[in-house]
Amino acid sequence: MFLSFFCLWSKNAGYYTPSEMFEGTRARISVWGIPEVHYNSESAVFIAVQNENNGISNSMVAGFHVQPRLYSGSTDLRFFVGWMTGNDGKACYSITCQGFVVSNVSGAPVPGAIPRPLSTYNGEDYFITLSIKKDEKTLDWSLYQDDNGNPILIGWWPKTLFDNIFDYATIIAWVGNVFYPSNERSPPMGSGHYAVEGAHKAAYISHIKIFDQNGQAMDPYIVRDLADRKDCFTTDDFKYSHHVGYYYNTHW
């Protein structure tokens, strides 16, 4: 799956769709500072779309991470964009590889930027909503900041980046992830507190939508749990609220 984008010892907490045909996803991600991340480790939260076709896998991810090795040792939370192509299986970040096209639209976040403000434990929750969606005219895959019903184009992954075979997504995911060398302790995810602690304490992804084959936003109807170390990283149930739509809390 797309989680092969990450390497070394990798652990995940989130949800994904079983194989279908989709044209993208939208979700609101709470943003937290995560200073206790070592130089060769990463703590991340992201949305992802993937196409698996005849044994070839292509994927795109966008979200927020702390990865000191990419930013001269900085442990600030950063906005990031990535992808992996089936041709060579190489995982790329937009700050290290050419491919993702930045829109330069005023007000749009730039990959590598530091989001502000950040959520605080038992305090204010802050979030950013991201959308990955296929452009029906160009057939490229566009990335938006999508808060307040006013999408701002961040940039796009050209269809040629995937040899023109990424016509639709077969898997959608909303994930927290850590990776770290086997001889080091895992970094925390998100707030570092368990999902059961709930709002203002645990990290979350909410307002989750998928885009169907016609590009229409709809609620996800089947999801599967992706938590692989529930003794360390947890999610609560994937559930619905009138105020925030489909969401889940997690120990990130």
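As the structure is a computational prediction, the values presented were derived from the model and not from experiment.

**Q** How would you sum up the overall build of the protein chain? Please name residues and give values.
**A** From N to C terminus, the protein chain includes zero helices and 16 strands. Split into buried and exposed, the 252 residues of the protein chain put 55% on the buried side. Long-range pairs, those at least 24 residues apart, make up 71% of the contacts in the protein chain between residues at least 6 apart in sequence. Summed over its atoms, the accessible surface of the protein chain is roughly 11,100 Å², and 48% of this surface lies on carbon and sulfur atoms.

**Q** How would you sum up the pattern of salt bridges? Please name residues and give values.
**A** All chains considered together, the criterion is met by three salt bridges. Close ionic contact of Asp146 with Arg26 constitutes a salt bridge, the shortest N to O distance being 3.6 Å. Pair noted here: Asp146 is in the loop between β9 (141-145) and β10 (152-157) and Arg26 is in strand β2 (residues 24-30), with a separation of 120 residues, a long-range link. A residue is classified by how much of its surface remains accessible, and Arg26, at 22% relative accessible area, is partly exposed.

**Q** Pulling in residues and values, what's your account of the packing of aromatic side chains?
**A** What the rule picks out here adds up to five aromatic pairs. Between Phe100 and Trp157 the ring centres are 5.0 Å apart and the planes differ by 65°, which places this aromatic pair in the edge-to-face class. With Phe100 in the loop between β6 (91-93) and β7 (101-102) and Trp157 in strand β10, the pair connects residues that are 57 residues apart, well separated along the chain. Using a relative accessible area of 10% as the deciding quantity, one classes Phe100 as buried. Owing to a relative accessible area of 0%, Trp157 belongs among the buried residues under this scheme. Taken together, Trp141, Phe162 and Phe166 form an aromatic cluster joined through their ring pairs. A cation sits over an aromatic face here: Arg28 above Phe127, 3.8 Å from the ring centre. Looking at Lys133, its charged tip hangs above the ring of Phe211, at a distance of 4.8 Å from the centre.

**Q** So, the nonpolar core: which residues are in play, and what are the values?
**A** Counting 39 residues, the largest nonpolar core has Phe64, Trp83, Leu130, Leu143, Trp157 and Trp174 as the members making the most contacts within it. No other element matches the four residues that strand β4 (residues 56-66) contributes to this core. Counting residues in each nonpolar core, the second largest holds 14 residues, with Ala44, Phe46, Tyr93 and Val175 among its members.

Analysis parameters
Residues numbered from 1 in each chain as written. Predicted model: local features only at pLDDT ≥ 70, side-chain atom pairs only at ≥ 80, totals over all residues. Heavy atoms only, no water. Helix = DSSP H or I, 4+ residues; strand = E, 2+ residues; numbered from the N terminus. Buried < 20%, exposed > 50% of the residue type's maximum accessible area, 1.4 Å probe, protein only. Contact = heavy atoms within 4.5 Å. Areas by Shrake-Rupley, 256 points an atom, 1.4 Å probe, with all protein chains shown as cover. Salt bridge = Lys/Arg side-chain N within 4 Å of Asp/Glu carboxyl O. Phe/Tyr/Trp six-rings, centres within 6.5 Å; stacked < 30°, edge-to-face > 60°. Lys NZ or Arg CZ within 6 Å of the ring centre and 35° of its normal. Core = buried A, V, L, I, M, F, W, Y, C linked by side-chain atoms within 4.5 Å.

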